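Chain residues, written in single-letter form:
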Amino acid sequence: MIEIEGTMSLYLVWGAAMLFAGVVGGIMAGLLGVGGGIVIVPVLYHFLTTMGVDESLRMQVAVATSLTTIIATAISSTRSHYKKGSVDTALLKHWGPAIIVGVIIGTAIGGLADGRVLTIVFAVVALLVAANMILVKDRETDEAKNPPKSVWAVLGVIAGSLSAMMGIGGGTICVPVLNFLGYDIRRAVGTSAAIGLIIAIPGTIGYAMSGIGVDGRPPFSIGYVNVLAAALLIPMTVLCAPIGARIAHTIPRRALRMCFGLFLAVTSLRMFYDLIN
C-alpha cells in the first residue's frame, strides 16, 4: 500500500510539473516566437532525474517528448502568423529541404548517442542563445541578405541538426540567424514557426522509432516519446501561446529578451553543474 501511494504521489507531481511546463512553454512561445521546447526540455530533464531515470536516457526522453508537443504548437502558431502575412513561403521552399536533412542527421545522432552528449549540446547552445538574447539587439530591417545556396544549405543542416538534438522548434536558432541576415524580426518569427513544424514531425518519428525496446524508459512511452507527458503538455502549450502573444504587445521586447536570456543562462549553467557532479 505504501509503495502504491508513493507511486501515485510521484505521478501527481509529474502531472503538475508537465502542466507547469506547458503553461510556461506556451507563454514563452507566444512572447518570443520560440518553440516551447527550450522551456519544456529542461523541466522534463530535471524531473526525469528526480524519477530516477538513467542519466543516459533522460535527455532522449525529454527531447523526443518536447518535439511531439511542438507539432501542435507549431501548427497553431504558423496558422496565426500566416494570416498576418508573416510567413515567408518562398524561404520555406528554399530552406526547408536542407533543414529536413539536418533533422534526420540530428535525430540519428540523438537516438544513438549517450544522453550526456545531448545534455552538453543543449547546455552549450542554450548558453550561446542566452548571450545573443542579452547582448544583441533586434535588427529591424527589410534589407535581407541573400547568401549563396551553399551557405543556406549549411545553415539549414546545422539548424535542423541542433534543433532535433535539443528538442526545440525553429525559433530558438532560426530567428537569430534570419534576423542576422537582415530579415524583419516579425517575418523571421513567423517563418521560424513554420520551420518548427518541419523539424518536429520527422524528429518525433525518428525518436519514437529509435527508442523502441530500450530498457529503462519511463512508463507510457512509445520509443523515447513519453505519451503521458505529451498529453498533459500539448493542451497547455496550445492554450497559453496566444496569451503570451497578447502579453508581448504590452511589454517591451527588449525586457522579454533579457528575461528569457537570463532563464536560459541559468538553465545552461545548471546542466553543466549536473554533468560535472
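Cut-offs and rules
Residues numbered from 1 in each chain as written. Predicted model: local features only at pLDDT ≥ 70, side-chain atom pairs only at ≥ 80, totals over all residues. Heavy atoms only, no water. UniProt positions renumbered as here; feature names shortened; annotations may be inferred. Helix = DSSP H or I, 4+ residues; strand = E, 2+ residues; numbered from the N terminus. Buried < 20%, exposed > 50% of the residue type's maximum accessible area, 1.4 Å probe, protein only. Contact = heavy atoms within 4.5 Å. Core = buried A, V, L, I, M, F, W, Y, C linked by side-chain atoms within 4.5 Å. Phe/Tyr/Trp six-rings, centres within 6.5 Å; stacked < 30°, edge-to-face > 60°. Patch = residues over 30% accessible without salt bridge, like charges linked within 9 Å, V, L, I, M, F, W, Y side chains within 5 Å. Areas by Shrake-Rupley, 256 points an atom, 1.4 Å probe, with all protein chains shown as cover. Salt bridge = Lys/Arg side-chain N within 4 Å of Asp/Glu carboxyl O. pLDDT = per-residue confidence, 0-100. Axes fitted to C-alpha atoms, helices over the stretch in contact; angles between N-to-C directions. Left-handed = near helix turned anticlockwise from the far one by under 90°. Nonpolar A, V, L, I, M, F, W, Y, C, P; charged D, E, K, R; others polar.

- By the naming in an unreviewed UniProt entry, the protein goes by Probable membrane transporter protein and is assigned to Thalassospira lohafexi.
- UniProt annotates the protein under Sequence similarities (unreviewed entry) with the comment "Belongs to the 4-toluene sulfonate uptake permease (TSUP) (TC 2.A.102) family."

1. Details of the environment of Leu178
Step number 1: Structurally, the position occupied by Leu178 is in helix H7 (residues 171-180).
Step number 2: Residue classification places Leu178 among the buried positions, given a relative accessible area of 0%.
Step number 3: The spatial distance from the C-alpha of Leu178 to the C-alpha of Ala188 is 5.8 Å, given a sequence separation of 10 residues.
Step number 4: Dropping the residues within four chain positions of it, Leu178 is found in contact with Leu91, Trp95, Trp152, Tyr183, Ala188 and Ser192.

2. Remarks on the UniProt feature "transmembrane region" (unreviewed entry) in the protein
Step number 1: Those residues carrying the UniProt feature "transmembrane region" (unreviewed entry) are residues 12-45, 57-75, 95-112, 117-136, 151-181, 188-209, 221-243 and 255-273 in this numbering.
Step number 2: Each end of residues 151-181 is marked by a C-alpha atom, and these two atoms are 12 Å apart; helix forms 84% of the span and strand 0%.

3. Section: the nonpolar core
Step number 1: Counting 65 residues, the largest nonpolar core has Met18, Ile38, Leu44, Met59, Trp95 and Phe122 as its most contacted members.
Step number 2: When sequence neighbours within four positions are dropped, the list of residues in contact with Leu44 reads Trp14, Met18, Ala62, Thr65, Ser66, Ala229 and Leu233.

4. Comments concerning the environment of Ile205
Step number 1: Along the chain, Ile205 falls in helix H8 (residues 185-210).
Step number 2: Residues Ile205 and Ala64 lie 141 residues apart in sequence; the distance between their C-alpha atoms is 8.8 Å.

5. Here we look at the packing of aromatic side chains
Step number 1: Tallied over the full model, the rule gives two aromatic pairs.
Step number 2: Where Trp95 meets Trp152, the ring centres are 5.2 Å apart and the plane angle is 75°; that geometry is what we call edge-to-face. Here Trp95, found in helix H4 (residues 89-112), pairs with Trp152, found in helix H6 (residues 149-166); they are 57 residues apart in sequence, far enough to count as distant.
Step number 3: When its relative accessible area of 2% is taken as the criterion, Trp152 is described as buried.
Step number 4: Both rings, one in Trp152 and one in Tyr183, keep their centres 6.5 Å apart while their planes meet at 80°; by these two values the pair is edge-to-face. Residue Trp152 is found in helix H6, and its partner Tyr183 is found in the loop between H7 and H8; the two are separated by 31 residues along the sequence.
Step number 5: Counting every residue linked through ring pairs, the aromatic cluster contains Trp95, Trp152 and Tyr183.

6. Quick notes on a nonpolar patch on the surface
Step number 1: On the surface, Ile201, Ile205, Met209 and Ile212 cluster together into a nonpolar patch covering about 410 Å² of accessible area.
Step number 2: Within the secondary structure layout, Met209 lies in helix H8.
Step number 3: Taking the relative accessible area as the measure of exposure, Met209 reaches 59% and is therefore exposed.

7. Focus on the confidence of the model for the protein
Step number 1: Looking at the protein as a whole, the pLDDT averages 81, with 90% of positions reaching at least 70.
Step number 2: Mean pLDDT values over the elements of the protein span from 71, in helix H1 (residues 2-32), up to 94, in strand S2 (residues 225-226).
Step number 3: Here residues 1-5 is a poorly scored stretch, pLDDT under 50, and it has zero contacts once near neighbours within four places are set aside; other chains count.

8. Here we look at the packing of H7 against H8
Step number 1: Contact geometry for H7 and H8: axes closest at 9 Å, N-to-C directions at 145°. Handedness of the H7/H8 crossing: right-handed. Side by side, H7 and H8 meet where Gly171, Cys174, Val175, Leu178 and Asn179 of the first sit next to Ile185, Ala188, Val189, Ser192 and Ile195 of the second.
Step number 2: Per-class residue counts for the contact of H7 with H8 are seven nonpolar, three polar and no charged.

9. Considering the pattern of salt bridges
Two side chains carrying opposite charge are able to pair once their charged atoms lie near each other.
Step number 1: Scanning all chains against the criterion turns up one salt bridge.
Step number 2: Across the pair Arg187 and Asp88 runs a salt bridge whose closest N-O atoms are separated by 3.7 Å. Separated by 99 residues along the polypeptide, Arg187 in helix H8 and Asp88 in the loop between helix H3 (55-83) and H4 bring together distant segments of the chain.

10. Some words on unusual backbone geometry
Step number 1: Despite not being glycine, Phe220 shows a phi value in the positive range, around 65°.
Step number 2: Following the sequence through the fold, Phe220 ends up in the loop between H8 and strand S1 (221-222).
Step number 3: In this structure Phe220 comes out as exposed when scored by relative accessible area, which is 56%.

11. A closer look at H7
Step number 1: Within H7, seven of the 10 residues are buried, which leaves the element mostly enclosed by the surrounding structure.
Step number 2: For H7, the full list of buried residues reads Gly171, Thr172, Ile173, Cys174, Val175, Leu178 and Asn179.
Step number 3: Taken from the residues just after H7, Gly182 is the one with a positive phi, measuring 100°.

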